[in-house]
Number of protein chains: 4
Amino acid sequence: MSKIKVGIIGATGYVGSELIRGLSTHPSAEITVLASRSFSGKKYSDIYPTYSGICDLPLVDTDPEQIAKQCDLVITALPHGVSSVTVPVLLSAGTRVIDHSGDFRYRELNPYTESYGLPHSCPELLAEAVYGIPELYREKLRSARLVANPGCYPTCSVLPLAPFLRHGLIRSEGIIIDAITAISGAGRKTELPYSFCESDENLKPYSVVHHRHTTEIEQECSILAGKQLHVTFTPHLAPMKRGMLTTIYAVPASSDGSFCISRLQEALESDYANEPFVRVRSGGAMPNTVHTTGTNFIDIAVEFDPITGIIKIFGALDNLGKGASLQAIQAMNAMFGLPEETGLIHLNAGL
Amino acid sequence: MSKIKVGIIGATGYVGSELIRGLSTHPSAEITVLASRSFSGKKYSDIYPTYSGICDLPLVDTDPEQIAKQCDLVITALPHGVSSVTVPVLLSAGTRVIDHSGDFRYRELNPYTESYGLPHSCPELLAEAVYGIPELYREKLRSARLVANPGCYPTCSVLPLAPFLRHGLIRSEGIIIDAITAISGAGRKTELPYSFCESDENLKPYSVVHHRHTTEIEQECSILAGKQLHVTFTPHLAPMKRGMLTTIYAVPASSDGSFCISRLQEALESDYANEPFVRVRSGGAMPNTVHTTGTNFIDIAVEFDPITGIIKIFGALDNLGKGASLQAIQAMNAMFGLPEETGLIHLNAGL
Amino acid sequence: MSKIKVGIIGATGYVGSELIRGLSTHPSAEITVLASRSFSGKKYSDIYPTYSGICDLPLVDTDPEQIAKQCDLVITALPHGVSSVTVPVLLSAGTRVIDHSGDFRYRELNPYTESYGLPHSCPELLAEAVYGIPELYREKLRSARLVANPGCYPTCSVLPLAPFLRHGLIRSEGIIIDAITAISGAGRKTELPYSFCESDENLKPYSVVHHRHTTEIEQECSILAGKQLHVTFTPHLAPMKRGMLTTIYAVPASSDGSFCISRLQEALESDYANEPFVRVRSGGAMPNTVHTTGTNFIDIAVEFDPITGIIKIFGALDNLGKGASLQAIQAMNAMFGLPEETGLIHLNAGL
Amino acid sequence: MSKIKVGIIGATGYVGSELIRGLSTHPSAEITVLASRSFSGKKYSDIYPTYSGICDLPLVDTDPEQIAKQCDLVITALPHGVSSVTVPVLLSAGTRVIDHSGDFRYRELNPYTESYGLPHSCPELLAEAVYGIPELYREKLRSARLVANPGCYPTCSVLPLAPFLRHGLIRSEGIIIDAITAISGAGRKTELPYSFCESDENLKPYSVVHHRHTTEIEQECSILAGKQLHVTFTPHLAPMKRGMLTTIYAVPASSDGSFCISRLQEALESDYANEPFVRVRSGGAMPNTVHTTGTNFIDIAVEFDPITGIIKIFGALDNLGKGASLQAIQAMNAMFGLPEETGLIHLNAGL
């Protein structure tokens, strides 16, 4: 079988960089085009010297029609609002697309415009786009033309919650998601708050009310719960390059808490028994972000506080791995009929 | 007025080190004895070369009777269970004591034995000991013989919650405290999880159910609320030397959430208007741990999520500063009739 | 005695921030004016929330004549080339000045224009300006109108070398200075190389030939050696907020290396016996940058490799402490007849 | 062709962990045995949860005869002095060996006993062992029974120096190697100096005279130079998990320095033109450790200071990559007739 020809538009951000890390070792895909508005004309390894000898491809202009011709799949890592202009051109030119922006993650227009404050250039694609968590939308991914790669916070919130919502083990009201992310979550930025001297040795909350990932989490959780729900979501920033941790608080659906924890653990383990990239921790072992660094894994655990009757659910992933680029490659595998583990299962950053 | 003569038992841990930092620049106190079981016979600056030329005092044996003779105040930084043996001897010898262990923080014996799993050598002192948060127990500190310096998590939880509990603005049920601490919170340890290579670039939850600070938080919050309450508490570890952040979720006491946030902000600002070490943030500014590094400040903010009706309260402090040693010096100031700011208000670690 | 009235122009950079840290606890100085071109109209603590409750002074325009009226001393932390315009105005208005730029560090114009590539607005002041290392120019500082605060690399190179050059114990040829600095050395910058994600977990050399501090080091070393010399200097960047380490290689003046190390150690210890801020390490103890963090100390050690006959000299300091702002306060003390330790000797950042 | 069967003895240290990272994605090798004295009976992923789902093999006892039976190659990551006891047993049992200790790196016994202060259990193997830098000993590796994997400092010193020594472009006297390593260089240690709180935000020199890698560097540089030489070597520790940087000072062989830098650059580029894992930087671009993190690359650059006539050579690598485990896999490839890039060329840790 010939390799999947993949192009990346917006290749020089951190999402692009991690896509190239994952695709470079992928046995069934090859990168055919790298496009960048800012760095067109340079080699990729001029921007990321790490990739000298690994990926020295030239960076070309972001002309979607030209790019589409050379690709079976184009992965776009473009700003919100730009994707909705570029993606329709790519689709019209006959390529399939995985998009990293927020533009196609919503089933309906309303929460998008509320959360992003932007007009949408092609709302008609919202119905077609498949939300790219393979553990939830595997079947639809196989034939998808357009995949909306999820946000990092939604991935790290929805997957830990899914079994409990799906089986009605927790109430849909009162879910609180407390999340901590690494600094690469802000992208390849030159703003002062992301400078080493201003962010090292610091912890801080940010966007503490109405962070725009809230509506995305709510959309997916509502589908799982079978009813409209809202969540309380608080993101924090920690002095690390990569990694995301969620601590989620929920109330048991049943008011009798005594039997709860084993049922909860069972739900996690059975729902994810065949998932290669979901690792359910047990026996008190906790997700650590460092265990997922450079991988496509999400680690999940659940505990129950019998005194307050609160369930605690923990999720850890790499915000650039399962939280972004590597999950996109998992979705690509699903889209092209490959085993989802292909090229991903052994990937890790070591120590 | 002559200076307060201060001795420290257990001087070579991180709490001891920070006590020496604070006391070295204190205009009205002098260190007369430094005692260490492990390093007796060495100079303090042999253990902490930072202190060469700042504090070169000899380390002596931990003989409480001898030490008491040379001190108006002894500050003990001893393991839980050891303090309850040492402190009565110090008191009998006529000195006043500030203790950093958990041994004297409880009004009753039960929660101590449950939380620490240790017998208590002198439960009769529990009634006398004053819990050392000056913002709450200022009056009692003036004449206290024995002060129990609070845990870092309780300080960073109780002070942000106090105005809301005191004025009945939040429900006593359903309080959730999500906390993140720096690695020095574990003490001067040589265990693998605290090594640089195992803890850098990592975030993790730990002791996620029944962390022993839970009962201490509950004791103080119950007093403030005027009724017995329980809290859900989850600590996390982040790759930093110093700093602690709490994000606290609570439900408004009134079911009409619309007027809430300004009342909440007012309560914070009025209750802490005259407190030199509590800085209430407003206008969306959030507590950052780095703003408190090396200081005795706690920074607090409050927000309200109108969609879910949840109040979010944020607290940041330095776990060795307001969370331990510098709060002990603030308590010392109160005990000896000094303005509480003395020697503390300008202390900071800069960048 | 009334307090020294100090103004700072360029108060919002990291040098300014550390000046405020040092001056806030100084018993004999008070800050009367803080000026900033970028942030005029705001409070200092708006820019640095750390300083809420510590320094809430307003930031005013950088009008040197107005500022001079309110000050006995103005400390300027301005870009190179800007100082040489501002400083003469300050001096004419009758205030004394400590300047942090490179503009007044040279005895002659040539090395300045070569190193900085800038014209100089008042070369006539070069002869008057006193180079602000108190250990070398204490006497001249007492009456100095204008003090040029040294660069961080020069301080960390010249002080470790001084005893050996002064006593002719090393050859003036062949000195190699290998230096590593923390990221705050680059200033409060928003450039990509100083972002957390690009600088954490990275070590790199930079400006490896002709770094502009080279000529400043050479000027001072030549004076100490009594002859014109050149040094090989290589700076590196390490993932830390604060700290600087130099490892200096030199050849013994005498060709008989056998007796060398004790003579070297003696020279260090005797030359610095009465210096409060120079700590000579012995017995194999090595300078560590963390021992100097937040202090005005420089730690120095010397070793000899008998096989290759090379002397190794080590220096560590805080690039914002003895390497910049706190050394300026030490110079201020000397200028105003105070003991140099005043307000500085106990300052440290703890752990 | 069947896969190379590889066993690892001492699998749970950081070298072992990185071997497993590299071998897990290797297309032509499979791990058949993992042995650990300390953790026998556990799964590998019990010790390193990162490897859950990647490598869940059981850890067995370190019985060399049993292990040899299951392997074409055994890689030993044992303490110095232990290897020289275990390796002969492995060889007698018919397997090939790559050893990570210092025990087989020397051609002669003397420098080993001087540097390591240990007796040697089988000095007769020193003549047979091949020093495992493929760029230097490729031919011998093909048929080697025993390969001594080099130290990290020697690899990062010898490869940058080799072209200049080989072509007589630098003097063999006066070479100074200033090196900085990350904390994983100390191994999986629980000692206080490697704890997060004691090592973060710190830079320090250590073992500043007679570090035991000095003699290993001298051995290889002497062979390249064709004459016995000594080097001045100074290691330092920086607050990072992975990475090593060398800055090497040397004197041009010719006294006419004017033509030097282009000749030097040419020598580097031509000698390493066909080396897949040596990246020569040019045009002022400098090696950065982060560009090599998680890779088997070494990045090299050279500069010349025309004023002092000193050549500066820079090398960067990952101390666990090209500095240890991944170089061992490159040697394995050479030993088993595979292209050296196999399974290694794309390996990297991304951001």
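Sequence order as written defines residue numbering, which begins from 1 separately in each chain. To read the labels, note that chains go from A and ligands from 1, taken in the order they are written. The predicted origin of the model limits local features to residues at a pLDDT of at least 70 and limits the giving and counting of side-chain atom pairs to 80 or more, whereas totals for whole chains, interfaces and linings rest on all residues. By convention in this description, side-chain values take in all heavy atoms of the structure and omit both hydrogens and water.

> Help me get a handle on helix 4 (residues 83-92) of chain D, residues and values and all.
Residue and element names in this part refer to chain D. Along helix 4, the positions that sit buried rather than exposed are Ser83, Ser84, Thr86, Val87, Leu90 and Leu91. Buried residues of helix 4 fall within an arc of 160° about the axis and therefore sit on the same side. Following helix 4 by one or two positions, glycine 94 adopts a phi angle in the positive range, close to 95°. Throughout, exposure labels follow a simple rule: accessible area from a 1.4 Å probe, protein chains only, divided by the maximum for the residue type, with under 20% read as buried, over 50% as exposed, and the rest as partly exposed. A helix here means a DSSP run of H or I that spans at least four residues, while a strand means a run of E at least two residues long, and both kinds are numbered starting from the N terminus. Regarding the arc, it is the one traced by the directions from the helix axis to the C-beta atoms.

> Before we move on, could you go through the pattern of salt bridges and cite the residues and values that matter?
Side chains that carry opposite charge are capable of pairing whenever their charged atoms lie near each other. The salt bridge criterion pairs a side-chain nitrogen of Lys or Arg with a carboxyl oxygen of Asp or Glu, the two atoms within 4 Å. One pass over the full model with this rule turns up 60 salt bridges over all chains. Between A:Asp299 and A:Arg279 there is a salt bridge, with the nearest N and O atoms lying 2.7 Å from each other. Of this pair, A:Asp299 sits in strand 13 (residues 298-305) while A:Arg279 sits in strand 12 (residues 278-280), placing them 20 residues apart in sequence. One exposure class covers both A:Asp299 and A:Arg279, and it is buried. Between B:Arg138 and B:Glu340 there is a salt bridge, with its nearest N and O atoms 2.5 Å apart. You can see B:Arg138 sitting in helix 6 (residues 134-143) and its partner B:Glu340 sitting in the segment after helix 11 (321-335), a full 202 residues away along the chain. Residue classification places B:Arg138 among the partly exposed positions, given a relative accessible area of 23%. The structure contains a network of salt bridges with shared partners spanning A:Glu18, A:Arg21, A:Arg242 and A:Asp318.

> Provide a residue-level description of the sheet that holds strand 14 (residues 310-317) of chain B, including the pertinent values.
All names here are of chain B. For two strands to count as paired, DSSP must find a minimum of two bridges between them. The 7 strands are arranged 9-10-8-11-14-13-12 in an open sheet whose pairing can be described as mixed. Since the sheet does not close on itself, it has two edges, and those belong to strand 9 (204-205) and strand 12 (278-280), each with one partner. Where strand 9 meets strand 10 (residues 231-237), 2 bridges bridge the pair, whose relative direction is antiparallel. Looking at strand 10, one finds that proline 205 is bridged to histidine 236.

> Break down the relation of the copies chain B and chain C for me, with residues and values.
Here the copies were fitted onto each other by least squares, based on C-alpha atoms from residues at pLDDT of at least 70 in both. Under the fitted operation, chain B is carried onto chain C by 0.0 Å of movement along the axis and a turn of 180°, and the coordinates agree to an RMSD of 0.0 Å. Seen this way, the second copy is the image of the first under a two-fold rotation axis. When C-alpha distances to the rotation axis are compared across chain B, the minimum falls at B:Ala349, with a value of 2.4 Å. Most of the interface of chain B is mirrored in chain C: 100% of its interface residues are interface residues there too. Between two residues, a contact is recorded if the distance between any of their heavy atoms is within 4.5 Å.

> Outline unusual backbone geometry, listing residues and values.
Here the phi dihedral of B:Ser207 falls at roughly 40°; this positive angle occurs in a residue that is not glycine. Counting through the fold element by element, B:Ser207 comes out in the loop between strand 9 and helix 9 (213-225). At D:His210, a position not held by glycine, the phi torsion is positive, near 65°. Secondary-structure assignment places D:His210 in the loop between strand 9 (204-205) and helix 9 (213-225).

Remember, this is a structural readout, not a statement about activity or role.
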